[in-house]
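Now for the letters of each chain:
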Amino acid sequence: MSLVDAPSVEQARRLQRLSAALLAVAFVIYFVNVWRYSLQMWDDAFISFRFARNLAEGYGLCWNIGGERVEGFTNMLQVLLLAAGARLGMAPEWFALGIAVTSVVGTVLLLIGVLRRVFGFVHPVAAALLAIYLVDWTTTIHTTSGLETQLFIFLLCSAYACALSFVARPSMRNALLLTVSVFLSVMCRPEGVLFGGVLIFVLCLWAIIEIARHHCPVAPARMLLAAIGALLLLGSVYAVCKYRYFGYLLPNSLYVKSHDYDLHGATNVARFLVHAAKWLGPVLVLVALFTPRRRLLSILRSERAWILSLLTLAPAVAALGFYCLIVHEVGGAHRFSYPTYFYLLMAACGASTTAVLSMREPWRGRVTSGISVLCLVGMCVWAISSLRPLRQLSYSGFPQYHHDIADALRVTGLEHRATVICVAAGVIPYVSGFSQIDPVGLTDNYLSGRVTRSMAERDAYLWSRQADVYVGFEPPASASSRSVETDSNLRSSYVTEFLVGRAEDPIGDRFLLKDPALLYRRMVELRDRWVWVGETGWPGWKAFELRSFVYVRKASPHRATLVSALDRLVDAPPGAIDLNDGTGGP
């Protein structure tokens, strides 16, 4: 399956030693970075942890103990693995980290295997690109986030490797391995259907062209049909089981993040492509400067080249198109585009290796040595600048804010006997053990958007649940007001500019009331039926221009305990809060 002539055995050995050195340094930097950032798990990850813990403890896939079954996650496979680990006594936080690290190592090993299959060895230029991928800060972040991202990528990469193996050597074994990999990727994240579907479509196209051009036996096509049949069977069983369990097929996140199909994510996808170009582009530019164009083009026009290119780039292009349509909320470090990174990486590795091997000596050796030295020096500089001081980072910013509230609720010992309403659906309910109502709707079937609800209906539902604690962005109505027109808090600069007057937000519009009449009704509810404990100091003002207020329901049987616990948390009591100061908090 090689696209170009491989170097001599002795040359290949020397190049392999250089490749091994590059990858060894990159792995060391990667593991140290993972150790430093191991506490930086995202709030969304704790959603999966809570579902997994409830499942492991025998409550089923429910968000609140004794509550409805709800698919408030998009990573069924990860939740099942975490639940199995919890049954064996492994904390979901650390088990998720282990899964992610193992997945990254497995992904890189699979890519090395692909390069060896295509070129006979791993050229140092390709090793340099793999090393860059390992030391890229986004790889570390998605390893330590606690989410399923790296597991999903490993499964996508497994399907990709199986597809290449099938092209090189069609067999029922490779076809069935492709089926299993695609199915597991679908269980890991729903968009695995898109990645796998494009991959299989390209393979079917290849089989048809091979039969038409070369009068090849139809055995590969029959194997692909068998693989597709097996995949459809597995998918059907999975769909039936999900429907029987939840009463629906698609997870709540689909309705929260992608229900209207506007180009919400186009800017985020563009930023990701710029990021990938910044990290991978310099090596490709250096290679291109010394590449004989005619020889390279003749190689890329070969029959093998086009199928490799399609298998590598078609799934990435289709997925990036899909990611342009969804809301990238909690999408730091290019979270929703990042699964396509390894496809772009392999395209870069394949193009650069082909280009270097098409060069004539002495340029081939000079370019290889130059890129290897630059990569080693760059990684060392990166390590020195980013790893000092060499210590594990602590919680900061939003994670610290969430953990502070969670710890304040946890020490009450109330656990699921008390209920909190808060937008953050991860750390707070997981650590505290409280039942929780998520206004966004990720973990609540009524609010998910599966059935369209008006904002008045959504608000009435929240208050009908008789929660004990409310953490939100609205102040109470002023004590003497009786209408929208007479309420001084509603006419404050904070409410008029940052609540009523804020720009449209696909996620914020699900829980923030911009209509003055509806907002005033919520503020009256908070004034008349809730104790205003005060304002917490959180980083949301700079990020979202929102302030965070804490309330306890007056009729709660746990009122005294909760007020005492939360009073120590707030940075400003009600008497010290100025809604017109324009600073965004205490």
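First, a word on scope: everything that follows refers to the structure included in this document. Counting of residues starts from 1 at the beginning of each chain's written sequence and follows it residue by residue. Two thresholds apply to this predicted model, a pLDDT of at least 70 for residue-level local features and 80 or more for giving and counting side-chain atom pairs, whereas whole-chain, interface and lining totals are computed over all residues. Just so you know, side-chain values use all the structure's heavy atoms and leave hydrogens and water out.

1. What to know about the packing of helix H7 (residues 149-168) against helix H15 (residues 341-357)
Interaxial distance between H7 and H15 falls to 10 Å at its minimum, and their mutual angle equals 45°. Put simply, H7 runs oblique to H15. In contact with Ile153, Leu156, Cys157 and Tyr160 of H7, H15 contributes Phe342, Tyr343 and Met346. Fitted lines through C-alpha atoms serve as axes, helices being fitted only where they are in contact, and the angles separating the N-to-C directions of these axes extend from 0 to 180 degrees. Helical segments are the DSSP runs of H or I of at least four residues, strand segments are the runs of E of at least two, and each set is numbered from the N terminus. An angle counts as roughly parallel when it lies under 35 degrees, as roughly antiparallel when it exceeds 145, as roughly perpendicular when it falls between 65 and 115, and as oblique in every other case. Contacts were defined at the residue level, with two residues in contact if any of their heavy atoms lie within 4.5 Å.

2. Digging into the pattern of salt bridges
For this document, the term salt bridge refers to a Lys or Arg side-chain nitrogen within 4 Å of an Asp or Glu carboxyl oxygen. Scanning all chains against the criterion turns up 13 salt bridges. Here arginine 553 and aspartate 468 are joined by a salt bridge, their closest N and O atoms 3.9 Å apart. Here the residue arginine 553 occupies a position in strand E5 (residues 548-553), and aspartate 468 occupies one in the loop between helix H19 (455-464) and strand E3 (469-472), the gap between them amounting to 85 residues. Among the residues examined, aspartate 468 registers a relative accessible area of 5% and is labelled buried. Across the pair arginine 547 and glutamate 535 runs a salt bridge whose closest N-O atoms are separated by 3.0 Å. With arginine 547 in the loop between helix H22 (540-544) and E5 and glutamate 535 in strand E4 (residues 530-536), this pair connects stretches of sequence that are 12 residues apart. Like arginine 547, the residue glutamate 535 is buried in the burial classification. Connected via shared salt-bridge partners are Glu148, Arg189 and Glu191. Whether a residue is buried, partly exposed or exposed follows from its accessible area with a 1.4 Å probe, protein chains only, as a fraction of its type maximum: under 20%, in between, or over 50%, in that order.

3. Observations concerning the sheet that holds E3
Across the sheet, which stays open at both edges, the five strands sit in the order E2-E1-E3-E5-E4 with mixed pairing between neighbours. Strands at the two margins of the open sheet, each flanked by one partner only, are strand E2 (435-437) and E4. Taken pair by pair, the neighbouring strands of this sheet meet at an average axis angle of 20°, ignoring direction. By definition, two strands form a pair when at least two bridges between them are found by DSSP. Relative to E5, E3 runs antiparallel, the two being bridged by four bridges. What sits directly across from valine 471, in E5, is valine 550.

4. Here we look at helix H8 (residues 172-188)
Under the 1.5 Å per step criterion, the end-to-end length of H8 is 24 Å for 17 residues, consistent within 8% with the ideal 24 Å. Residues Asn174, Ala175, Leu178, Thr179, Ser181, Val182, Phe183, Ser185, Val186, Met187 and Cys188 constitute the buried set of H8. Helix span, expected: 1.5 Å multiplied by one less than the number of residues in the helix.

5. Concerning the environment of threonine 74
If you trace the backbone, threonine 74 turns up in the loop between helix H2 (45-56) and helix H3 (76-87). Residue threonine 74 is classed as partly exposed on the basis of its relative accessible area, which comes to 23%.

6. Observations concerning helix H4 (residues 92-119)
With 28 residues, H4 extends 40 Å from end C-alpha to end C-alpha; this agrees with the ideal 40 Å at 1.5 Å per step. Just downstream of H4, glycine 120 is the residue with a positive phi angle, here 90°.

7. Remarks on the packing of aromatic side chains
Here a pair means two rings of Phe, Tyr or Trp (six-membered ring of Trp) with centres within 6.5 Å. Their orientation is stacked below 30 degrees between planes, edge-to-face above 60, and tilted elsewhere. Across all of its chains, the model carries 36 aromatic pairs by this definition. For the pair phenylalanine 195 and tyrosine 343, a centre-to-centre distance of 5.9 Å together with 10° between the ring planes defines the contact as stacked. Of this pair, phenylalanine 195 sits in helix H9 (residues 192-214) while tyrosine 343 sits in helix H15, placing them 148 residues apart in sequence. Summarising the burial analysis for this pair, phenylalanine 195 and tyrosine 343 share the class buried. A connected cluster of aromatic rings, assembled from ring pairs, spans Trp463, Tyr470, Tyr494, Phe498, Trp530, Trp532, Phe549 and Tyr551. Should the NZ of a Lys or the CZ of an Arg lie within 6 Å of a ring centre and within 35 degrees of the ring normal, that charge is described as sitting over the ring. A cation over an aromatic ring shows up here: arginine 69 above the ring of tyrosine 245, its NZ or CZ 4.0 Å from the ring centre. In this structure, arginine 453 is placed above the aromatic ring of tyrosine 446, and the distance from its NZ or CZ to the ring centre is 3.8 Å.

8. Looking at a nonpolar patch on the surface
Patch members must show over 30% relative accessible area and no salt bridge, and they are joined within 9 Å when carrying like charges or within 5 Å when they are nonpolar side chains of Val, Leu, Ile, Met, Phe, Trp or Tyr. Computed with the Shrake-Rupley method and a 1.4 Å probe, the accessible areas treat only the protein chains shown as cover for residues. A surface patch of nonpolar side chains, amounting to about 370 Å² of accessible area, comprises Val285, Leu286, Leu289 and Leu374. Tracing the backbone through its elements, the reader meets leucine 286 in helix H12 (residues 266-289). According to the relative accessible area criterion, leucine 286 is partly exposed, its value standing at 32%.

9. Topic: the nonpolar core
Nonpolar cores were defined as sets of buried Ala, Val, Leu, Ile, Met, Phe, Trp, Tyr and Cys residues, with membership established by side-chain atoms within 4.5 Å. Ranked by internal contacts, the top residues of the largest apolar core, which has 184 residues, are Leu178, Val287, Leu311, Leu409, Tyr494 and Leu566. Counting residues per element, this core draws most heavily on H7, at 14 residues.

Purely spatial values, then, with no claim about function.
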